[in-house]
Amino acid sequence: MRELVVSKIKEGTVIDHINAGKALLVLKILKIQPGTDLTVSMAMNVPSSKMGKKDIVKVEGMFIRDEELNKIALISPNATINLIRDYEIERKFKVSPPEVVEGVLKCPNHACISNAEREPITPKFYIKTEEMRATARCHYCGRKIENLDNYIS
Ligand code: CTP
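No experiment lies behind these values; they were computed from the predicted model shown.

Here's the deal with the packing of aromatic side chains
Now for step 1: Tallied over the full model, the rule gives zero aromatic pairs.
Now for step 2: One residue, arginine 85, lies across the ring of phenylalanine 63, its end atom 4.4 Å from the ring centre.

Okay, structure coming up:
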């Protein structure tokens, strides 16, 4: 099938093979908000031979940081990162979800010591990656998070 594409970029980052429907979460992770000056293009729920449907985010002039890569891996373990210079792909790699994250996810259990009002401790989670998604388990209280979308800080 002929793929629907947004225009190529000159310099910056293309995040491809994002799980369908998650591009807005990727923008949130990249802290791209209303009022941004960045040139950003995005496609949601476009046909993909590998995934059926996928999202794509392209940001001119921005080179993604490791911290952001880890967060994207949590919501979309198969995303591909393409770093572009002068219209050419300089580097292409797949994100890889970390096995342990500290300070990235917030525990949904209000009684967890990582949510204590006095002297809270940094949350720590163990990540399990399945085919298309990652789940997490709290080091302190054992609470599992099946869908990480709303717990990434
Ligand atoms: N891309 C871009 N600007 C460029 C070069 C590439 O926006 N100057 C985008 C393409 O539109 C595509 C992604 O970067 O979304 C990867 O490009 P390419 O490797 O050429 O495409 P595919 O072979 O389809 O990628 P893959 O093998 O990762 O599926």
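Considerations on the sheet that holds strand E8 (residues 134-138)
Now for step 1: As summarised here, the arrangement of the four strands in space is E6-E7-E8-E9, forming an open sheet in which the pairing is antiparallel. Of all strands in the sheet, those bounded by a partner on one side alone are strand E6 (100-102) and strand E9 (144-145).
Now for step 2: Here strand E7 (residues 124-129) runs beside E8; their pairing, made up of five bridges, is antiparallel. Within E8, the position partnered with tyrosine 126 by the bridge is arginine 137.

Some remarks on the side chain of asparagine 78
Now for step 1: The residue asparagine 78 is located in the loop between helix H2 (66-75) and strand E4 (80-85) in this model.
Now for step 2: Within the local environment of asparagine 78, its side chain forms a polar contact with the side chain of lysine 94, the two groups lying 3.1 Å apart.
Now for step 3: When near neighbours in sequence (up to four residues on either side) are disregarded, asparagine 78 contacts His17, Lys94, Glu131 and Met132.

Section: the pattern of salt bridges
A pair can form between side chains of opposite charge whenever their charged atoms are brought close.
Now for step 1: Under the definition given, this model contains seven salt bridges.
Now for step 2: Here glutamate 68 ties to arginine 65 by a salt bridge, and the two come within 3.2 Å at their closest N and O atoms.
Now for step 3: Owing to a relative accessible area of 7%, glutamate 68 belongs among the buried residues under this scheme.

Regarding the site of the ligand
Now for step 1: Residues in close proximity to the ligand include Lys8, Ile9, Val14, Asp16, His17, Lys50, Lys58, Asn82, Ile84, Tyr87, Ile89 and Lys92, which together make up its full environment.
Now for step 2: Measuring from an oxygen atom of the ligand, one finds a side-chain N or O atom of lysine 50 at 3.2 Å.
Now for step 3: Between lysine 58 and the ligand, the recorded distance is 2.7 Å, taken from a side-chain N or O atom to an oxygen atom.
Now for step 4: Relative to its unbound accessible surface of 600 Å², the ligand loses 73% to contact with the protein.
Now for step 5: Of all the secondary-structure elements, those providing two or more residues to the shell around the ligand are strand E1 (12-19), E4 and strand E5 (88-94).
Now for step 6: Residue contributions to the shell around the ligand peak at three residues, all from E1.
Now for step 7: Looking at the shell around the ligand residue by residue, the classes come out as five nonpolar, two polar and five charged.

About the cut-offs
- Residues numbered from 1 in each chain as written.
- Predicted model: local features only at pLDDT ≥ 70, side-chain atom pairs only at ≥ 80, totals over all residues.
- Heavy atoms only, no water.
- Phe/Tyr/Trp six-rings, centres within 6.5 Å; stacked < 30°, edge-to-face > 60°.
- Lys NZ or Arg CZ within 6 Å of the ring centre and 35° of its normal.
- Pairing = 2+ DSSP bridges.
- Helix = DSSP H or I, 4+ residues; strand = E, 2+ residues; numbered from the N terminus.
- Polar contact = N/O pair within 3.5 Å; in protein donor to acceptor, adjacent residues only side chain to side chain.
- Contact = heavy atoms within 4.5 Å.
- Salt bridge = Lys/Arg side-chain N within 4 Å of Asp/Glu carboxyl O.
- Buried < 20%, exposed > 50% of the residue type's maximum accessible area, 1.4 Å probe, protein only.
- Near = heavy atom within 4 Å.
- Areas by Shrake-Rupley, 256 points an atom, 1.4 Å probe, with all protein chains shown as cover.
- Nonpolar A, V, L, I, M, F, W, Y, C, P; charged D, E, K, R; others polar.

Any link to function would need more than the numbers given here.
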